[in-house]
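Chain and residue survey
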Amino acid sequence: MEATLKFDIFCEIQRAEPWPADHEASLFRETLEQAEAADAAGFDVWWEVEHHSAPAFSYSSAPALVLAAIAMRTKRIHVGHAGVLAPFRINNPYRVAEAAATLDVLSGGRLELGLAKSGGKEWETFGVDPEKARDQVREGFSVISRFWTEDQVSWNSPDFVIPARDCIPKPLQKPHPRLWQTCGSPESFRMAGEMGVGCLGTTLLSPVSFMGQMIQEHEAGLAACRPAGKTINREKGIFTFVHVADTREAAIRNGAALAALWYVHAAPIIFKVPRAVWYDAIRAGLHPNSARSTAALTGSDETSLDIAPDELPVLRLLKLMARGESVSKEEAHDVLEQLDSVVIGDVDHCRDKLEAYRNIGTDRMMCLMQFGAIPHAAVLRSMALTGEHLIPHFARGEAAALRA
């Protein structure tokens, strides 16, 4: 029997330039319309990121507010925070517990809560000590779950002290909403498993086989699990670029592959990741966070934008963009179509790509559909086609199990 693959939406609240005059207001309107469409199409969770000081790349600086608005406009889709930036200088865990529980109540018990370590520019913005960030993720899971499930909780650690207090409201879900960790490195995937929380991984052009290795790290962590919360979440979610169109030509016309390249080009600039590390990770088939944390790759802050005769096609296009040169929609599509992690094309092509994710043990696809400069109408069409063709196809394993 084939395993079930669930479909989620992963949202940055993003639009590449050029912008209309009412850019910010229209972007939020479109995001809410897309959330309603995702609910109607049968997507399982709407995941909202948290980013700060990231103009053009992400306007999701107040995700709890956006998720509350989405919850009021939808009926069944869960609202997921992927994730709360966990360093205590950014988000006090007591306040996180309060806001998340409130959202669970307002949504009728539809909250999914993830924590993220963050890094780079966001650490600079809030004065985060990089040496403490990972430990504060671990501590955050433990203290938040206690605030949700116990009365008169006190906490006294080197980084967080609070006298005995009742945290209200309590979540509607019992014992508490599912917990998740945003992961990029082998260490973070294993850590999520050890704490008994689900993992939320990111491809950023890394091969599906690499994500399979990361899923095995999560499984290894689960084998030695000491739960941070009251439940164990064994699920694995993977984020990638997804754009489903009526035809291959329509996908090219919508500029989805070029939008994905824009995303990969813009991310290291926005979040101050050395471009050399980014490029080296792509060459080695790794996620940039994996390359940095394991020291498997090295690179200075500067890197040559010269294009070698044997350059990887995707790196050739990224270097052209970095040099300010144009890349056509057709060329971007021809190159990204060859990457197994990028799901852009017609229904049959996308279905074949998604089978690879199911085969490595992915439980849920976190589909980034609003990215770069893809038109709003094309995003809505992508959601509708996914709901009509792909969600039912990958749910057949669950239906077969229910009939047995």
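Residues numbered from 1 in each chain as written. Predicted model: local features only at pLDDT ≥ 70, side-chain atom pairs only at ≥ 80, totals over all residues. Heavy atoms only, no water.

**A word on the overall build of the chain**
- When its secondary structure is counted, the chain shows 16 helices and eleven strands.
- Taking the principal axes of its C-alpha atoms as reference, the chain extends roughly 65 × 55 × 50 Å.
- Burial status across the chain gives 57% buried among its 404 residues.
- Taken as a whole, the chain presents about 16,400 Å² of accessible surface, with 52% of it coming from carbon and sulfur.
- Measuring between centres, the 41 positive side-chain charges of the chain sit 4 Å from its 52 negative side-chain charges. (Helix = DSSP H or I, 4+ residues; strand = E, 2+ residues; numbered from the N terminus. Buried < 20%, exposed > 50% of the residue type's maximum accessible area, 1.4 Å probe, protein only. Areas by Shrake-Rupley, 256 points an atom, 1.4 Å probe, with all protein chains shown as cover. Lys, Arg positive; Asp, Glu negative; His and termini not counted. Charge placed at Lys NZ, Arg CZ, Asp CG, Glu CD.)

**With respect to the confidence of the model for the chain**
- Averaged over all residues, the pLDDT of the chain is 93; the fraction at 70 or higher stands at 95%.
- Scored below 50 in pLDDT, residues 293-300 makes 16 contacts in the model with residues more than four places away or belonging to other chains.
- Across residues 399-404, confidence stays below pLDDT 50; counting only partners more than four residues off in sequence or on other chains, it has two contacts. (pLDDT = per-residue confidence, 0-100. Contact = heavy atoms within 4.5 Å.)

**Here's the deal with the packing of aromatic side chains**
- In this structure the tally under the stated criterion is 13 aromatic pairs.
- Taken together, a centroid distance of 5.7 Å and an interplanar angle of 55 degrees make the contact between Phe 7 and Phe 394 tilted. Placement of the pair is Phe 7 in strand S1 (residues 6-11) and Phe 394 in helix H15 (residues 376-394), with a sequence separation of 387 residues. With respect to class, Phe 7 is no different from Phe 394; both count as buried.
- Taken together, a centroid distance of 6.2 Å and an interplanar angle of 25 degrees make the contact between Phe 57 and Trp 262 stacked. (Phe/Tyr/Trp six-rings, centres within 6.5 Å; stacked < 30°, edge-to-face > 60°.)

**A look at helix H2 (residues 63-73)**
- Along H2, the residues classified as buried are Pro 63, Val 66, Leu 67, Ile 70 and Ala 71. Take H2 and look down its axis: the buried residues cluster within an arc of 140 degrees, on one side only. For H2, the exposed residues set more than 90 degrees away from the buried face come down to Leu 65 and Met 72.
- Contacts from the buried residues of H2 go to helix H1 (23-41), strand S2 (45-48), strand S3 (78-85) and helix H3 (93-106). (Arc of directions from axis to C-beta.)

**Thoughts on unusual backbone geometry**
- In this model, Glu 17 is joined to Pro 18 through a cis peptide bond whose omega is 5 degrees.
- Of note, Pro 18 is situated in the loop between S1 and H1.
- In this model, Ser 118 sits at a positive phi of 65 degrees, which is unusual for a non-glycine residue.
- Structurally, Ser 118 can be placed in the loop between strand S4 (111-116) and helix H4 (120-126).
- Taking the relative accessible area as the measure of exposure, Ser 118 reaches 22% and is therefore partly exposed.
- Although it is not a glycine, Lys 272 sits at a positive phi angle of roughly 60 degrees.

**Description of the pattern of salt bridges**
- Taken as a whole, this structure holds 29 salt bridges when the rule is applied.
- In this structure, the salt-bridge partner of Glu 30 is Arg 15, at a minimum N-O distance of 3.1 Å. Linking Glu 30 in helix H1 with Arg 15 in the loop between S1 and H1, this pair joins segments that are 15 residues apart in sequence.
- A salt bridge links Asp 151 to Lys 170; its shortest N-O distance comes to 3.7 Å. In this pair, Asp 151 is assigned in the loop between helix H5 (130-149) and strand S5 (153-156) and Lys 170 in the loop between strand S6 (161-165) and strand S7 (178-183), connecting sequence segments 19 residues apart.
- One salt-bridge network, held together by shared partners, links Lys 6, Asp 8, Asp 44, Glu 112, Arg 178, Glu 235 and Arg 364. (Salt bridge = Lys/Arg side-chain N within 4 Å of Asp/Glu carboxyl O.)

**Quick look at the pairing of strand S11 (residues 364-368)**
- In terms of burial, S11 is a largely internal element, five of the five residues being buried.
- The alternating pattern of S11 places Arg 364, Met 366 and Leu 368 and Met 365 and Cys 367 on opposite faces, both of which are buried.
- Here five bridges tie S1 to S11, and the two strands are oriented parallel to one another. Bridge pairing links Lys 6 to Arg 364 in S11. (Pairing = 2+ DSSP bridges.)

**Some words on the state of the cysteines**
- Following the criterion strictly, the structure yields zero disulfides and no others.
- A disulfide-free cysteine, Cys 183 has its sulfur positioned 5.5 Å from the sulfur of Cys 199, the nearest such atom.
- Here Cys 367 is not disulfide-linked; the sulfur of Cys 350 is the nearest cysteine sulfur, at 9.4 Å.
- For Cys 367, a relative accessible area of 0% translates into the label buried. (Disulfide = S-S within 2.5 Å.)

**Here we look at the nonpolar core**
- By size, the foremost hydrophobic cluster in this structure holds 124 residues, and its most contacted members are Phe 7, Phe 43 and Trp 46.
- Take this core: its biggest share by element is eleven residues, from helix H9 (residues 256-270).
- Not counting chain neighbours up to four residues away, the residues in contact with Phe 7 comprise Phe 43, Asp 44, Val 45, Leu 354, Met 365, Cys 367, Thr 386, Leu 390, Ile 391 and Phe 394.
- Counting residues in hydrophobic clusters, the runner-up holds six residues, among them Ile 90, Ala 116, Val 128 and Ala 133. (Core = buried A, V, L, I, M, F, W, Y, C linked by side-chain atoms within 4.5 Å.)

**Description of the packing of H9 against helix H10 (residues 275-284)**
- Following both chains from N to C, one finds H9 and H10 inclined at 145 degrees, their axes separated by 9 Å at the closest point. Relative to H10, H9 is oriented so that their crossing is right-handed. Residues Val 264, His 265, Ala 267, Pro 268 and Ile 269 of H9 lie in contact with H10, whose contacting residues are Arg 275, Trp 278 and Ile 282.
- Split by residue class, the contact of H9 with H10 holds six nonpolar, one polar and one charged. (Axes fitted to C-alpha atoms, helices over the stretch in contact; angles between N-to-C directions. Left-handed = near helix turned anticlockwise from the far one by under 90°. Nonpolar A, V, L, I, M, F, W, Y, C, P; charged D, E, K, R; others polar.)

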